[in-house]
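For reference, the chains in residue letters:
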Amino acid sequence: PAIAAYLPVKYTEYYEPFIGAGAVLFSLQPARSTINDTNSELVNCYRVIKDNPEELLELCHEHREKNSKEYFYSLREQDRRDDFKDRSPLERAARIIYLNKTCFNGLFRVNSSGQFNVPYGSYANPVIADPAVIRSVSAYLNQKDVRILEGDFEEAVSNARKGAFMKIEKREC
């Protein structure tokens, strides 16, 4: 609601160069958009949700069934091993969604080596992946013209033309 007051009435294409959770994108659901982030695991999640929602839900369900502190740390440990790069995009997406939904306060944080380092959150009954949400996001990404990019924000918006709407938020570090 706070953002809605600042939205243009008309625009030709929507750009979100720092997509994060995509709250504004999914609220607006523009017909044509470009989304981007430098976080490769996040971008991978969007691509998997778009292309393989049912397989993702199955794997997230398996993670939910195995949820425990020990299981969490065994999955968190994967990005510290040499064979992590051999994991499929589907495995990586389900892993990061599980970790994010079961870690302390739902944080996404990595160390200087790029390894997920948030501790376990000890939730009684966490929802790992809501099937209705995953299917709705997948349907939107497939039914509309949504380009999913990974990289520098300047490159992501380099094709923007007059009439485009760009959501860029001020971030303090």
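Residues numbered from 1 in each chain as written. Predicted model: local features only at pLDDT ≥ 70, side-chain atom pairs only at ≥ 80, totals over all residues. Heavy atoms only, no water.

### What about the environment of Leu 141?
By the secondary structure assignment, Leu 141 is in helix 6 (residues 131–143). Residues Leu 141 and Ile 49 lie 92 residues apart in sequence; the distance between their C-alpha atoms is 8.5 Å. Sequence-distant contacts of Leu 141, that is, excluding residues within four places in its chain, are made with Tyr 46, Lys 50 and Val 146. (Helix = DSSP H or I, 4+ residues; strand = E, 2+ residues; numbered from the N terminus. Contact = heavy atoms within 4.5 Å.)

### Structural notes on the pattern of salt bridges
On inspection of all chains with the given rule, the structure shows eight salt bridges. One salt bridge in this structure joins Asp 79 and Arg 80, with 2.8 Å as the shortest N-O distance. Judged by relative accessible area, which is 14%, Asp 79 ranks as buried. The exposure class assigned to Arg 80 is partly exposed, which follows from its relative accessible area of 24%. The closest approach of N and O atoms between Asp 79 and Arg 95, which form a salt bridge, is 3.3 Å. With Asp 79 in the loop between helix 4 (69–76) and helix 5 (89–102) and Arg 95 in helix 5, this residue pair connects regions lying 16 residues apart in the sequence. Arg 95 carries the same exposure label as Asp 79, and that label is buried. A single salt-bridge network, built from bridges that share partners, covers Glu 13, Arg 32 and Asp 145. (Salt bridge = Lys/Arg side-chain N within 4 Å of Asp/Glu carboxyl O. Buried < 20%, exposed > 50% of the residue type's maximum accessible area, 1.4 Å probe, protein only.)

### Description of unusual backbone geometry
Residue Gln 29 is not a glycine yet carries a positive backbone phi of 45°. The phi dihedral of Ser 122 is positive, around 55°, even though this residue is not glycine. The exposure class assigned to Ser 122 is exposed, which follows from its relative accessible area of 56%.

### Regarding the pairing of strand 2 (residues 32–37)
Counted residue by residue, strand 2 has five buried out of six residues, so it is predominantly covered. Bridge count for strand 1 (residues 14–16) against strand 2 is three bridges, and the pairing is parallel. Each residue of the ladder has a partner; that of Glu 16, found in strand 2, is Ile 35. Relative to strand 3 (residues 145–150), strand 2 is paired through six bridges, and the arrangement is parallel. Its bridge partner lying in strand 3, Asn 36 is registered against Leu 149. (Pairing = 2+ DSSP bridges.)

### Focus: the side chain of Arg 95
A relative accessible area of 2% places Arg 95 in the buried class. Setting aside residues no more than four positions away along its own chain, Arg 95 makes contact with His 63, Leu 75, Arg 76, Gln 78, Asp 79, Phe 84 and Phe 116.

### Some words on the sheet that holds strand 2
Ordered by their spatial adjacency, four strands build an open sheet running 3-2-1-4, and the pairing between neighbours is parallel. The open sheet is flanked by strand 3 and strand 4 (165–166), the only strands paired with a single partner. Packed on one face of the sheet, helix 2 (residues 40–51) meets strand 2 and strand 3 and runs near 150° to strand 3. (Axes fitted to C-alpha atoms, helices over the stretch in contact; angles between N-to-C directions.)

### Comments concerning the environment of Cys 45
Among the structural elements, Cys 45 can be located in helix 2. Apart from the residues lying within four places of it in its own chain, the contact partners of Cys 45 are Ala 93, Ile 96 and Ile 97.

### Here's the deal with helix 4
Looking only at helix 4, the buried set comprises Tyr 71, Phe 72, Leu 75 and Arg 76. Seen end-on, helix 4 carries its buried residues on one side only, within an arc spanning 135°. Its buried side turned inward, helix 4 meets helix 3 (53–65) and helix 5. (Arc of directions from axis to C-beta.)

Read these as spatial facts, not as claims about activity.
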